[in-house]
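For reference, the chains in residue letters:
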Amino acid sequence: MDSNEAESFEKCDPEDELMLNKRVVNKIGERNVRSCNLPQKSIRFVKDWVTTLVEEKWRYVLFVFVSSYVGSWVLFAGLWYILSYAHGDLLEHNPTTGERMGDGVMPCVQGATTFPGFLLFSMETQISTGYGEKVPTEECPESFGLLTIQLIVGLLIDGAILGVVYAKLVRPPQKISEMKFSRRAVICQRDGKLCFVFRICDRKWQHAIETKVTAVMLESRRTAEGELVEKHESYLKLENDGRLVLLWPVTACHVIDRNSPLYDLSAEELLRRKLEIVVTITGGTMTTGQINQARTSYVPGEICWGHRFRNMVEYDTRKQSYVAVNERMHDIEPVDTPLCSARQLDILKKRLQDRVLKDEKLPEPTVQ
């Protein structure tokens, strides 16, 4: 795309900006949908806390990661402190005889008499494989139960928090780069038929397995009974049922035939229609095998009638391989295209064929 086209794309009219704000899906695939007055919305986030943490920002995940460990250490340090206090381990020794003033011949936790000491003991119990100077003893039967509970809680925290961190690390990014799809779509002729075409480039091979592309048109429609259906969905049938082999940047094509929702759309009508075409690509990554999605949308201001994409794949004889020039990802060029709708184009072709057949059937004039 040259500099003039880039400037025209960046400088939008106020009406175009208003249309961009009204779109359902923005260019990077985020939904412009907000839900309000949902009952028990906060409780649902708490119940499904795993999904909530995976979708949250890293700062909140790290805060939960640290606070869960620190909180468990402090909690069990307090429980060990209460257990030792009830057993009399915190009492001072008899100054005359030097014997223990508490119950039993030894404390429940050897070497811990203050809360910081019990905090260190709690940390050793939960994250280490052995003990140092602070060790539990067989004096208190309750210590076995408390020790077992702390070990189980520590394992649960390790499995849950580390599982969340791993899921957050391997999942695809929330914001898919705009380079995944072309900034604009085009309408041009292919083999004599009007086609809606857009380009897809998957440089990171995030959708290399079972790649499937779908396109749906969202537009308000009023029924025969007068009901207004907001954002009615009409699916656009893509070539090969939307299955693509993304060896290099490819174009996805929708043939505008009599079954297409764009069949009655002309170049002039396109500028007046308030429609949005949402494109979704689904596939699995070759590294993890996880299924992920990427989306974008095209509004009438981003659909160029009478243009086509320039070729961006070349064969390099020196490297003995095909080279995709990413700078041409969004480049388009004008091409002769009828400005009428596909329906009108079919009618004109039909009339032309009938006229040709009629001329062929006329008898040749006889020469006197």
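Residues numbered from 1 in each chain as written. Predicted model: local features only at pLDDT ≥ 70, side-chain atom pairs only at ≥ 80, totals over all residues. Heavy atoms only, no water.

Chemist: When you look at the sheet that holds strand β4 (residues 193–200) in this model, what are you seeing that I'm missing?
Modeler: Note: strands within a sheet are paired through backbone hydrogen bonds, in either parallel or antiparallel orientation. Pairing in this open sheet of 4 strands is mixed, and the strands run β7-β4-β3-β10 from one edge to the other. Single-partner strands in this sheet number two, and they are β7 (250–255) and β10 (303–305). Adjacent strand axes in the sheet meet at a mean angle of 35 degrees when their direction is disregarded. Sheet topology note: the β4/β7 ladder contains 6 bridges and is antiparallel. When the sheet's bridge partners are listed, I200 is paired in β7 with V250. (Pairing = 2+ DSSP bridges. Helix = DSSP H or I, 4+ residues; strand = E, 2+ residues; numbered from the N terminus. Axes fitted to C-alpha atoms, helices over the stretch in contact; angles between N-to-C directions.)

Chemist: Sorry if this is basic, but what is going on with the pairing of strand β5 (residues 209–222) here?
Modeler: Consecutive side chains along a regular strand alternate between the two faces of the sheet. Sheet topology note: the β5/strand β8 (residues 275–284) ladder contains 9 bridges and is antiparallel. If you follow T214 over to β8, its bridge partner there is T280. Bridge count for β5 against strand β6 (residues 228–236) is 7 bridges, and the pairing is antiparallel. Bridge pairing in β6 links R222 to L228. In this structure, the hairpin formed by β5 and β6 is closed by a connection of 5 residues, where G226 is found at a positive phi of approximately 95 degrees.

Chemist: Where do I start with the sheet that holds β6 in this structure?
Modeler: Across the sheet, which stays open at both edges, the 4 strands sit in the order β6-β5-β8-β9 with antiparallel pairing between neighbours. Unpaired on one side and paired on the other, β6 and β9 (291–298) mark the two borders of the sheet. Averaged over all adjacent pairs, the angle separating strand axes in this sheet is 25 degrees, with direction ignored.

Chemist: What is the right way to read the packing of aromatic side chains from this model?
Modeler: Here a ring pair, both rings aromatic, is described through the centre-centre distance and the interplanar angle of the planes. All told, the structure shown has 10 aromatic pairs when counted by the stated rule. Put simply, the rings of F65, Y69 and W73 pair up and form one aromatic cluster. The residue whose ring lies beneath K168 is W58, and the NZ or CZ to ring-centre distance is 5.4 Å. (Phe/Tyr/Trp six-rings, centres within 6.5 Å; stacked < 30°, edge-to-face > 60°. Lys NZ or Arg CZ within 6 Å of the ring centre and 35° of its normal.)

Chemist: Looking at this model, I keep getting lost on the pattern of salt bridges. Mind explaining?
Modeler: Pairing between side chains of opposite charge can happen when the charged atoms of each approach one another. Inspection of every chain in the model, using the stated rule, returns 13 salt bridges. The residue R343 makes a salt bridge to D264 at a minimum N-O spacing of 2.4 Å. Placement of R343 in helix α9 (residues 342–361) and of D264 in the loop between β7 and α8 (267–272) is noted, with a sequence separation of 79 residues between them. The residue R272 makes a salt bridge to E269 at a minimum N-O spacing of 2.6 Å. (Salt bridge = Lys/Arg side-chain N within 4 Å of Asp/Glu carboxyl O.)

Chemist: Just to check I follow, could you spell out the side chain of D316 for this structure?
Modeler: Within the secondary structure layout, D316 lies in strand β12 (residues 313–316). For D316, a relative accessible area of 17% corresponds to the buried category. One polar contact links the side chain of D316 to the main-chain amide nitrogen of R318, over a distance of 3.0 Å. Apart from the residues within four sequence positions on either side, D316 is in contact with S321 and V323. (Buried < 20%, exposed > 50% of the residue type's maximum accessible area, 1.4 Å probe, protein only. Polar contact = N/O pair within 3.5 Å; in protein donor to acceptor, adjacent residues only side chain to side chain. Contact = heavy atoms within 4.5 Å.)

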